Amino acid sequence: MPKDHGIGASPKRREDVRFLTGAGNYTDDINVYGQTYVHFLRSDVAHGTINSVDTGAAAGMPGVVRIFTGADFEGVGGLPCGWQVTDKHGEAMKEPGHPVLAQGKVRHVGDPIAAVVAESLEEARNAAEAIEVDITELPAVVDMKSALEAGSTKVHDDLSDNLCYDWQFGSDQAAVDEAFANAAHVTTLDLRNNRLVANPMEPRVALGDYNRANDESTLYTTSQNPHVIRLLMGAFVLGLPEHKLRVVAPDVGGGFGTKIFHYAEEAFVTFASRQINRPVKWTSTRSEAFMSDAHGRDHVTTIELALDADNNFTGLRTDTHANMGAYLSTFASSVPTWLHGTLMAGNYKTPAVQVNVKAVFTNTVAVDAYRGAGRPEATFQLERLVDKAARELGVDPIALRRQNFITEFPYATPVAVEYDTGNYHATMDTLESMIDREGFAARRAESASRGKLRGLGVNCYIEACGIAPSNLVGQLGARAGLYDAATVRVNATGSISVMVGAHSHGQGHETVFPQVVAEMLGIDEGMVDIVHGDSSKIPFGMGTYGSRSLAVCGSAMVRATEKIINKAKKIAAHLLEASEADIELKDGQFSVAGTDKSVAWGDVTLAAYVPHNYPLEDIEPGLEETAFYDPANFTYPSGAYACEVEVDPETGKVTVLDFAAADDFGNVVNPMIVEGQVHGGLAQGIGQALLENCAYDENGQLLSASYMDYAMPRADDVPYYKVDHSNVTPCTHNPLGVKGCGEAGAIGSPPALVNAVLDALNAAGHDIGHIDMPLSPSRVWSAING
Amino acid sequence: MAEITLTVNGRSVTKSVKGNTLLVEFLREDLRLTGTHVGCDTSQCGACVVHVNGKDVKACTMFAVEADGAEVATIEGEAAPDGTLSAVQAAFQEHHGLQCGFCTPGMVMTATALLRDNPKPTEAEVRDYLEGNICRCTGYHNIVKAIMAASGQDVTSIAAE
């Protein structure tokens, strides 16, 4: 029988009723008395020198309150990057300025030039049209390799070139060279990891509200991490101390990474609200989102695998160009390096692994973390390469993977990380049981009878979640700690508010976190509420990304709850006139071991707040505890995925027939929510592999700035998924033994799909080494037809 | 400005609106019915779907003045007055058909319209009908499953929760 409450149960989500009845409170649903509206005038050219911005006529337009330009932000800080990467020569990455509004130059389509604040949005838009901007257009830097050629136009005139850093990591050169020199076979693959846009369905919104009475600014914003925004904006951009700055992220309509970062619009509305002493609201349109939300992926890679005569992997080396866009977004520099290079060993015991990454500035929107952040890029390269190697060698792709699996843990990879647990054969076994491989030949024949080509593709993945040990990331260049925090406030009647640093924007924390606390205390889950998203209510935590909420913030919550239990036992011991060591907590009752004496949870909590009969000389009244938790290591979810497709050779159209995912997430608190996370990740991975592409032309014009041009996966593009998380190797270093599940689906799915399509085509007699994503009908048809 | 009178969730409303005010702006800003969402500007995402005279309509595709005299139903009116969820709403909760909740009102209104016209749709018909509603969280699995369940069809054989 599945559990009906506590850890391992799937209670219905308590957040659902408000979302299902229109009672959610998203940022755009908030209006503040006296509110003004801002419209940003954005660059329509990719690169240019700003000669003048004449706001004279616009300033006199109806409803205009004030117009701001870059000049208003001289003396104000720029948007910071939170991670300094050191290159292979020991030099710090190049870190160009990123003004809130453009100063001197515009560097991508969408770069904000001016901001009109008006009584209504319509008036702000109308006035923006009356601003006269004189820009001398410059050649646009779009292609990464051209950007690094001598004499290329520079995105930032004050830098020596467009190279942000040239990073190398992993095994030493001699070991890698030796592996390739002695190889019996080398497989090489050139590929692109297509540029994507995260596209949470809620566009970004920022509302700045300055209160002159106490000199406090409140920012309501669509963020995955309100405290991170308060820190970055307060300390680096506007110079506001924490106690004068409150950041609220209420219900947030999806994030997927793109709502981690601190954006210009947040700083603008906070700054402008202080200047005009009125609230200022910005609501992004979807078109604006495409040209101002940080993009994802966009890596171009050559990867090589050395194998010995027995098909053992002996060496791996990669050469990647990673697009940074025009400015360094908050975590941009860490994605192609520490979140990508460290995962290049994958599930395999390859002894020599070397990763090379050149990060490049271009006249495009900034690129930063998107669901998986570096790990999908690593997985895609490696799992496409292994599949290609299997085909070149004429061996079974699953057998080749199994032969090279890491089987002993802990395992220190050549790229710095140590996997604590895993069982890659077990997830592959499960996957094989899910996909009826034996029946595939018959299914392929049936497709062929209809003129269709059927393919089956598999891949493995490993990822690093539970981000992250502060001492480690500090050595690697992070400019912040990556712990999290929870405060457990027990009220007099025994109900509990848990204030957490993690932020829920679809993950269901309000349901899941109480399952843990209630189980630890043996009380009803309905007595526990989660408070999140308001820097004035929650302890200083780092928010939600990198599948960290339960592994890091959940661990803090467990630690704080343990402190509550310890104190409650002291109180119970006093009430029961027993020794503290003899007090046991079970099902919400404190009892004296070996007796029938007990007091209920509510008796103890009431005593804590009405301390008439209370050991005041030993302990303080009240029952509230905070814990900060800094993880000892990353967590390493892993799994094996399979995709079955049918290709129409006449049109090149790919249909996804089946998708199976076998994951090891460690312990699972709420299976329903874990499965939902995998489903969503799979759709995003299928979207990347089949549909989505953020496209620029050679002039830096963004060609895919609406849902008419950027192909989002829709209900009829995807099948029902088969998911399994029954293989559990618990994380060894956090109290819940959890690993994280938020990104796996997006990390693990693109290679399986591409492998399946190539299996379909090559089994039909073609000889196609690779097709770049997305596998649109035209690309597949072109590959078939040479 | 033009004065319009319409019925919204069973209540008569009379307001002055500008000629270029979209129905979705009217609902959100003038009536403060903020359950209807705006997720795009090209009538693609379906977060703003409401019912106008019983038909599912993207509220970003019509002006408020065009709704003069119409019966409009929004997500706020779907549950019974005592809070009991509609069959579609209840199925979305039961089958975890929502995560961040932003697309959810549009999904529920679209699904409700589908089941009104086609009480026992096939999986393919459900997926086809949802063509105009984008969800980025759920991968559609549990949305389709919820709609099938709301139609009274057995979904126990569909993998996973």
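Quick caveat: nothing in here was measured; it's all calculated off a predicted structure. (Residues numbered from 1 in each chain as written. Chains lettered and ligands numbered in written order. Predicted model: local features only at pLDDT ≥ 70, side-chain atom pairs only at ≥ 80, totals over all residues. Heavy atoms only, no water.)

Thoughts on the overall build of chain B
Keep this limit in mind: A run of H or I in DSSP becomes a helix once it reaches four residues, and a run of E becomes a strand once it reaches two; helices and strands are each numbered from the N terminus. Put simply, the radius of gyration uses C-alpha atoms, and a globule should come to 2.2 Å times the residue count raised to 0.38. Residues count as neighbours in contact if any of their non-hydrogen atoms are within 4.5 Å of one another. For accessible areas, the Shrake-Rupley method is used with a probe of radius 1.4 Å. Any residue's cover is judged against the shown protein chains and nothing else.
Scanning chain B from N- to C-terminus turns up 5 helices and 5 strands. Ordering the α and β elements of chain B from the N terminus gives β-β-α-β-β-β-α-α-α-α. Its C-alpha atoms give chain B a radius of gyration of 16 Å, within 12% of the compact-globule value 15 Å for 161 residues. With respect to the principal axes defined by its C-alpha atoms, chain B has extents near 55 × 35 × 25 Å. Long-range pairs, those at least 24 residues apart, make up 55% of the contacts in chain B with a sequence separation of at least 6. Summed over its atoms, the accessible surface of chain B is roughly 6,100 Å², and 49% of this surface lies on carbon and sulfur atoms.

Digging into the sheet that holds strand 2 (residues 48-54) of chain A
Residues and elements named next belong to chain A. Basically, it comes down to this: For two strands to count as paired, DSSP must find a minimum of two bridges between them.
Judged by pairing direction, the sheet is antiparallel, and its 3 strands sit side by side in the order 4-2-6 without closing on themselves. Where the open sheet ends on each side, the last strands, each with one partner, are strand 4 (105-106) and strand 6 (132-137). Bridge analysis of strand 2 against strand 6 gives 6 bridges, and the strand direction is antiparallel. Pairing of Asp 54 across the sheet is with Glu 132, part of strand 6.

Comments concerning the side chain of Thr 69 of chain A
Residue and element names in this part refer to chain A. To be explicit about the condition: Partly exposed residues are those whose accessible area sits between 20% and 50% of the maximum for their type, while under 20% is buried and over 50% is exposed, using a 1.4 Å probe and protein chains only.
Residue placement: Thr 69 occurs in strand 3 (residues 64-69). With relative accessibility at 15%, the residue Thr 69 sits in the buried group. In this structure Thr 69 touches Val 53, Thr 55, Leu 101, Ile 113 and Ala 114, once residues within four positions along its chain are discounted.

Some details on the state of the cysteines
Residues and elements named next belong to chain A. Note the threshold: Cysteine sulfur atoms are paired as a disulfide whenever they fall within 2.5 Å.
Applying the stated criterion across every chain, the model contains 0 disulfides over all chains. The thiol of Cys 643 is not disulfide-bonded; the next cysteine sulfur, from Cys 460, is found 15 Å away. Residue Cys 643 is classed as buried on the basis of its relative accessible area, which comes to 0%.

Some words on the interface of chain A and chain B
Heads up, the rule is: Two parts placed together each lose some accessible area under a 1.4 Å probe, and adding up what both lose gives the buried area. Every case where a carboxyl oxygen of Asp or Glu lies within 4 Å of a side-chain nitrogen of Lys or Arg is listed as a salt bridge. Pairs of N or O atoms are called polar contacts if they sit within 3.5 Å, as long as, within protein, a hydrogen donor faces a hydrogen acceptor (for residues adjacent in sequence, only side-chain-to-side-chain pairs). Gly is placed with the polar residues, together with every amino acid not listed as nonpolar (Ala, Val, Leu, Ile, Met, Phe, Trp, Tyr, Cys and Pro) or charged (Asp, Glu, Lys and Arg).
With 56 residues of chain A in contact, the opposing surface of chain B contributes 55 residues. For the pair chain A and chain B, the summed buried surface comes to about 4,600 Å²; carbon and sulfur atoms form 54% of the total. Between Glu 94 of chain B and Lys 12 of chain A there is a salt bridge whose closest N-O contact spans 3.2 Å. For the pair chain A and chain B, the number of links is 32 residue pairs in polar contact (both at pLDDT 80 or more). At the level of secondary structure, the elements contributing two or more residues to the side of chain A that touches chain B comprise helix 1 (16-20), helix 8 (286-292), helix 17 (671-690) and strand 30 (721-724) of chain A. The element that contributes the greatest number of residues to the side of chain A that touches chain B is helix 17 of chain A, accounting for 9 residues. Split by residue class, the side of chain A that touches chain B holds 27 nonpolar, 16 polar and 13 charged.

A short note on the domain arrangement of chain B
All names here are of chain B. Put simply, the rule reads: What fixes the domain bounds is an automatic or database domain assignment.
Once the domains are mapped, chain B shows domain 1 (2-77) and domain 2 (87-150). Just the C-alpha atoms count here: the centres of domain 1 and domain 2 sit 21 Å apart. Between domain 1 and domain 2, the contact holds 16 residues from the first and 15 residues from the second. Summing the contributions of domain 1 and of domain 2, the shared interface buries around 1,200 Å²; its carbon and sulfur component is 57%. Connecting domain 1 to domain 2 are 0 salt bridges. Breaking the side of domain 1 that touches domain 2 down by element, the ones donating at least two residues are strand 3 (49-52) and strand 4 (55-58). Residues belonging to the side of domain 1 that touches domain 2 are distributed by class as follows: 6 nonpolar, 8 polar and 2 charged.

Some thoughts on the packing of aromatic side chains
Residues and elements named next belong to chain A. This is how it is decided: Aromatic rings from Phe, Tyr and Trp, with only the six-membered ring used for Trp, were paired whenever their centres fell within 6.5 Å, and each pair was classed as stacked if the ring planes differed by under 30 degrees, edge-to-face if by over 60, and tilted otherwise.
For the structure on display, the rule yields 26 aromatic pairs over all chains. Plain terms: the ring middles of Phe 73 and Phe 268 are 6.0 Å apart, the flat faces sit at 40° to each other, and that makes the pair tilted. Remark: Phe 268 occurs in helix 7 (residues 264-276) and Phe 73 occurs in the loop between strand 3 and strand 4; sequence separation between them is 195 residues. Take Phe 73: its relative accessible area is 2%, and that puts it in the buried class. For Phe 268, a relative accessible area of 0% translates into the label buried. With a centroid separation of 6.3 Å and 20° between ring planes, the pair formed by Phe 590 and Trp 601 is classed as stacked. Here Trp 601 lies in helix 16 (residues 601-609) and Phe 590 lies in strand 25 (residues 589-592), a separation of 11 residues in the sequence. Judged by relative accessible area, which is 0%, Phe 590 ranks as buried. Taking relative accessible area as the criterion, Trp 601 reaches 3% and is therefore assigned buried.

Points about the nonpolar core
Put simply, the rule is: Residues grouped as a nonpolar core are buried Ala, Val, Leu, Ile, Met, Phe, Trp, Tyr and Cys residues, joined through side-chain atoms within 4.5 Å.
Counting residues in hydrophobic clusters, the biggest one holds 185 residues, and the most contacted among them are Val 647 and Leu 753 of chain A together with Phe 92 of chain B. The element best represented in this core is helix 18 (residues 744-763) of chain A, accounting for 10 residues. In contact with Leu 753 of chain A, other than residues within four places in its own chain, are Cys 643, Val 645, Val 656, Ile 686, Ala 689, Leu 690 and Leu 775 of chain A. Counting 49 residues, the second largest nonpolar core, distinct from the first, contains Leu 521, Ile 565, Ala 568 and Val 738 of chain A.

Quick word on the packing of helix 6 (residues 226-238) of chain A against helix 7 of chain A
Residues and elements named next belong to chain A. Worth spelling out the cut-off: Orientation is described by lines fitted to C-alpha atoms, with helices fitted over the stretch in contact, and by angles between N-to-C directions that extend from 0 to 180 degrees. Orientation is classified from the angle alone, with under 35 degrees giving roughly parallel, over 145 giving roughly antiparallel, 65 to 115 giving roughly perpendicular, and any other angle giving oblique. Each crossing gets its hand from how the near helix is turned against the far one by less than a right angle, where anticlockwise is left-handed and clockwise is right-handed.
Contact geometry of helix 6 with helix 7 gives a least axis separation of 11 Å together with a crossing angle of 65°. With respect to helix 7, the axis of helix 6 lies roughly perpendicular. Helix-helix and strand crossings are classified by hand; for helix 6 and helix 7 the assignment is right-handed. On helix 7, the residues that touch Ile 229, Met 233, Val 237 and Leu 238 of helix 6 are Glu 266, Ala 267, Thr 270 and Phe 271. Here the contact of helix 6 with helix 7 is built from residues that sort into 6 nonpolar, 1 polar and 1 charged.

Here we look at a nonpolar patch on the surface
Residues and elements named next belong to chain A. To keep it simple, the criterion reads: Only residues whose relative accessible area exceeds 30% and that form no salt bridge are eligible for patches; like-charged ones are grouped when within 9 Å, while nonpolar side chains (Val, Leu, Ile, Met, Phe, Trp, Tyr) are grouped when within 5 Å.
On the surface, a nonpolar cluster with roughly 240 Å² of combined accessible area is contributed by Leu 606, Tyr 609 and Val 610. Relative to the assigned elements, Tyr 609 resides in helix 16. According to the relative accessible area criterion, Tyr 609 is partly exposed, its value standing at 34%.

Things to note about the confidence of the model for chain B
Going by this rule: A score from 0 to 100, pLDDT tells how confident the predictor is in each residue.
Across chain B, the average pLDDT comes to 97, with 98% of residues at 70 or higher. Both confidence scores are given for the complex: pTM 0.97, ipTM 0.98.

Some details on helix 16 of chain A
Residue and element names in this part refer to chain A. Threshold: Regarding the arc, it is the one traced by the directions from the helix axis to the C-beta atoms.
Among the residues making up helix 16, those that are buried are Trp 601, Val 604, Thr 605, Ala 607 and Ala 608. What you see down the axis of helix 16 is that its buried residues fit within an arc of 160°, all on one side. The secondary structure elements touched by the buried residues of helix 16 are strand 21 (484-490), strand 22 (496-500), helix 14 (509-521), helix 15 (549-576), strand 25 and strand 26 (598-600).

Observations concerning the pattern of salt bridges
Residues and elements named next belong to chain A. Scanning all chains against the criterion turns up 53 salt bridges over all chains. In this structure, Glu 463 and Arg 375 form a salt bridge, with 3.3 Å as the shortest nitrogen-oxygen distance. Of this pair, Glu 463 sits in the loop between strand 20 (453-462) and helix 13 (470-475) while Arg 375 sits in helix 9 (residues 375-393), placing them 88 residues apart in sequence. You can call Glu 463 buried: its relative accessible area is 0%. Connected through shared salt-bridge partners, Asp 436, Arg 443, Glu 446, Arg 450, Arg 454, Glu 644 and Glu 646 make up one network.

What to know about unusual backbone geometry
All names here are of chain A. Residue Pro 410 follows Phe 409 across a cis peptide bond; omega there is 0°. Between Met 773 and the following residue, Pro 774, the backbone shows a cis peptide bond with an omega angle of -5°. Here the phi dihedral of Asp 215 falls at roughly 60°; this positive angle occurs in a residue that is not glycine. With respect to the helices and strands, the residue Asp 215 is situated in the loop between strand 10 (205-211) and strand 11 (216-221). By relative accessible area, Asp 215 is classed as partly exposed at 31%.

Details of a negative patch on the surface
Defined as follows: The charge count includes Lys and Arg as positive and Asp and Glu as negative, but it does not include His or the ends of the chains. Where a charge lies is defined by one atom per residue type, namely NZ (Lys), CZ (Arg), CG (Asp) and CD (Glu).
Together, Asp 716 of chain A together with Glu 125, Asp 128 and Glu 131 of chain B give the surface a local cluster of negative charge. Tracing the backbone shows Glu 131 of chain B in the loop between helix 4 (123-129) and helix 5 (141-150). For Glu 131 of chain B, a relative accessible area of 35% translates into the label partly exposed.

Side note on the domain arrangement of chain A
Residue and element names in this part refer to chain A. Taken domain by domain, chain A consists of domain 1 (418-464 + 634-786) and domain 2 (483-629). Just the C-alpha atoms count here: the centres of domain 1 and domain 2 sit 41 Å apart. Contacts between the two partners involve 15 residues from domain 1 and, on the opposite side, 16 residues from domain 2. Linking domain 1 with domain 2 are 0 salt bridges, by the criterion used here. Applying the counting criterion to the domain 1 and domain 2 interface returns 5 residue pairs in polar contact (both at pLDDT 80 or more).

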